[in-house]
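# Geometric and topological summary
What follows is the residue order along each chain.
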Amino acid sequence: MKALVKTSRLKNALERLDVKRPIIQDDEVLVQVVNVAICGTDLHVYEFTAGYDFIQTPLILGHEFSGYIAEVGSKVVNFHVGDRVIGESNRYCGQCDNCNNGRTDICLDSQMTGLHVNGAMAEYIAVPAYTLHHLPNNLPFSVGAIAQPISVSLNAVFDNCNLNTGDNVVIFGPGIQGLSAAQAARIKGASKVAIVGTDNDEEIRLPIAKEMGFDTFNVNQESINQQLLTIWDGKEVDVVIDASGSIHAVKDGMSLLKRGGHLTLFGIYPRTLELDLTSLVRRNITIHTSYTSQWKHYEQALKFLSKRQIDISALIKEYPFEEFEKAFEDGIAKTVLKPVLTLSQ
Ligand SMILES: [Zn+2]
Ligand SMILES: [Zn+2]
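Residues numbered from 1 in each chain as written. Chains lettered and ligands numbered in written order. Predicted model: local features only at pLDDT ≥ 70, side-chain atom pairs only at ≥ 80, totals over all residues. Heavy atoms only, no water.

## Some thoughts on the domain arrangement of the protein chain
Worth spelling out the cut-off: Delimitation of the domains relies on an automatic or database domain assignment. We call two residues in contact when some of their heavy atoms are within 4.5 Å. The term buried area refers to how much accessible surface (probe radius 1.4 Å) is lost by two components on association, counted for both of them together.
You can read the domains of the protein chain as domain 1 (2-146 + 312-342) and domain 2 (152-289). The distance between the C-alpha centroids of domain 1 and domain 2 comes to 29 Å. With nine residues of domain 1 at the contact, the number on the domain 2 side is eight residues. Counting the surface domain 1 buries against domain 2, the share from its top three residues, I312, L315 and L337, is 54%.

See below:
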């Protein structure tokens, strides 16, 4: 079968190769991949930037995928050949304390599809049946493929940010995570939601955020504090969520929060940050973090996508599998928010 293989640790060493189709275990399912999305992580691995030293090559990339079931193992009961499915990226152990307490998102012994084990940028992928979800009939495979990043935003907003009905929320980073987090905040009953970006977001991302009905700010052009006071009639910020991974955003976010406010971090931060802890204590700011997601967040993501309460279809661009280089390069250049490869129809 054809596959995209990270062949070495060299920058951009990603090749289209013919490899053996995986053989499934009794508790596994073979999925014929229809769509696989390229995420920021894949771009980092493609370029082999710092923080991914644990990766063993050769490795088939891809952890955001959808497809049809082609084969089921003898012990699999919930899935059948021909079912439309999407896959979770996290293969949790199911046996550690955290898993036993329902916190599979922070399993002590988890593996990620496409990072620790071969991924979905291939015609077929073998996965444990417990990592699959049925794709609702009204959702195209390309949208189903991005249920994974949306599930991550839902974990942050629903379970890790203390957002209450009527709260005012500011979200940093108008990418797929920030935009889906903003829609999730609305679902959770937020009163006002603003999205903050930079000059880089001026052309594509901030206009999409505005189109979705959110207040938008460009930190490079304006003082958010001042602007918020004006457009929100002096209303205070209860919750700040950072999906940007920028320490500048974290600093700005902290200064925006009201006394007793809550900050949630779910970006990946390439730089460290020095904090004035006393000022945080005096203002009684609570900091939360959120990482990956659980089974329920995928089910929620599929439900909200299928009801269009979360709609990020404007961010997706599909590429034929053979044009993978262009898809990766467009992703790196940020001219496309969510490149999605099409393997089959
Ligand atoms: Zn991802
Ligand atoms: Zn575990």
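Now that the structure is up, let's keep going.
## Remarks on the sheet that holds strand β15 (residues 257-265)
Threshold: Strand pairing follows a simple DSSP-based rule, namely that at least 2 bridges must link the two strands. Secondary structure follows DSSP: runs of H or I at least 4 residues long count as helices, runs of E at least 2 residues long count as strands, and numbering of each begins at the N terminus. Angles shown run from 0 to 180 degrees and are taken between the N-to-C directions of axes, each axis being a line fitted to C-alpha atoms and, for helices, limited to the stretch in contact.
Here six strands make up an open sheet; going across it, the order is β13-β12-β11-β14-β15-β16 and the pairing parallel. The open sheet has two edge strands, β13 (215-218) and β16 (286-289), and neither has a second partner. Across the sheet, the mean angle separating the axes of adjacent strands is 20° when strand polarity is ignored. Relative to strand β14 (residues 237-242), strand β11 (residues 168-172) runs parallel, the two sharing four bridges. Note on β14: the bridge partner recorded for I171 is I241.

## Section: the coordination of the zinc ion (ligand 1)
This is how it is decided: Distances decide who is a donor: an N, O or S atom must be within 2.8 Å of the metal, or within 3.2 Å for Na, K and Ca. Water is not included, so sites may look incomplete. Each residue is placed in one exposure class: buried if its accessible area under a 1.4 Å probe, protein chains only, is under 20% of its type's maximum, exposed if it is over 50%, and partly exposed if it falls in between.
Within the protein, C39 (SG), H63 (NE2) and E64 (OE) serve as the donor atoms for the zinc ion (ligand 1), at 2.1 to 2.3 Å. For the zinc ion (ligand 1), all donor residues lie on one chain, and their spacing in sequence is C-x23-H-E. Of this pair, C39 sits in the loop between β3 (28-37) and α1 (40-47) while H63 sits in the loop between β4 (59-60) and β5 (64-72); the two residues are 24 residues apart in sequence, bridging distant segments of the chain. For the residue pair C39 and H63, the accessibility class agrees, reading buried in each case.

## Here we look at helix α4 (residues 147-159)
Basically, it comes down to this: Helices are assigned an expected span. That span is 1.5 Å times one less than the residue count.
Compared with the 18 Å implied by 1.5 Å per residue over 13 residues, the 17 Å span of α4 between its first and last C-alpha is a close match. The buried fraction of α4 amounts to 12 of the 13 residues, a majority that puts the element mostly inside the structure. Three or more residues of α4 are buried, namely A147, Q148, P149, I150, S151, V152, S153, L154, N155, A156, V157 and F158.

## Regarding the coordination of the zinc ion (ligand 2)
We apply this condition: Here the metal geometry follows the donor angles, with tetrahedral for four donors whose angles all fall between 85 and 135 degrees, square planar for four and octahedral for six when opposite donors are more than 155 degrees apart and every other angle is between 65 and 115, and irregular for all the rest.
Protein coordination at the zinc ion (ligand 2): the donors are C93 (SG), C96 (SG), C99 (SG) and C107 (SG), at 2.3 to 2.4 Å from the metal. Of note is the zinc ion (ligand 2), whose four donor atoms meet at the metal with angles of 103 to 120° in an arrangement that counts as tetrahedral. On the primary sequence, the residues serving as donors to the zinc ion (ligand 2) are separated as C-x2-C-x2-C-x7-C. No difference in accessibility class separates C99 from C107, as the two residues are buried.

## Topic: the pairing of β11
Across the five residues that make up β11, a large majority, five, are buried. On β11, burial covers both faces: N168, V170 and F172 on one face and V169 and I171 on the other are all buried. Pairing geometry for β11 and strand β12 (residues 192-197), over five bridges, is parallel. Within β12, the residue paired with V170 across the bridge is A194.

## Some words on the pattern of salt bridges
Where charged atoms of side chains with opposite charge meet at close range, the side chains can pair. Quick reminder of the rule: Each salt bridge in this description consists of a side-chain nitrogen of Lys or Arg and a carboxyl oxygen of Asp or Glu lying within 4 Å of one another.
As enumerated under the stated definition, the model contains 11 salt bridges in all. Among the ionic pairs, D105 bridges to R103, the shortest N-O distance being 3.0 Å. By relative accessible area, R103 is classed as partly exposed at 32%. Across the salt bridge formed by K258 and D238, the nearest N and O atoms sit 2.7 Å from each other. Pair noted here: K258 is in strand β15 and D238 is in strand β14, with a separation of 20 residues, a long-range link. K258 sits in the partly exposed class, given a relative accessible area of 26%.

## As for helix α8 (residues 247-256)
The condition is simple: Counted as a polar contact is a pair of N or O atoms within 3.5 Å, where, for protein atoms, one must be capable of donating a hydrogen and the other of accepting one, and residues adjacent in sequence contribute only when both atoms are in side chains.
Those residues of α8 that sit buried are I247, A249, V250, G253, M254 and L256. In this structure, the buried residues of α8 make contact with β11, α7 (224-231), β14, β15, α9 (277-282) and β16. One side-chain oxygen of the residue at the start of α8 lies 3.1 Å from the amide nitrogen of H248, identifying that residue as S246.

## Thoughts on the packing of aromatic side chains
The test is simple: When two rings of Phe, Tyr or Trp (its six-membered ring) have centres within 6.5 Å they constitute a pair, described as stacked for plane angles under 30 degrees, edge-to-face for angles over 60, and tilted for the intermediate range. Here, over-ring charges are defined by two tests on the NZ atom of lysine or the CZ atom of arginine: distance to the ring centre within 6 Å, and angle to the ring normal within 35 degrees.
The final tally for this structure, using the stated rule, is five aromatic pairs. Both rings, one in Y52 and one in F54, keep their centres 6.2 Å apart while their planes meet at 45°; by these two values the pair is tilted. Judged by its relative accessible area of 38%, F54 is partly exposed. Judged by centre distance (5.9 Å) and plane angle (90°), the ring pair of F158 and F304 falls under edge-to-face. Of the two residues, F158 sits in helix α4 while F304 sits in helix α10 (residues 295-306), which places them 146 residues apart along the sequence. For the cation-ring pair, R21 lies above Y124, with the distance from its terminal atom to the ring centre recorded as 4.0 Å. Its end group placed over the ring of F214, R186 keeps NZ or CZ at 4.0 Å from the ring centre.

## Regarding the sheet that holds strand β2 (residues 14-18)
A sheet is described by the order of its strands in space; here three strands give the open sequence β2-β1-β4, paired in antiparallel fashion. Each edge of the sheet is formed by a strand with only one pairing partner; in this case those strands are β2 and β4.

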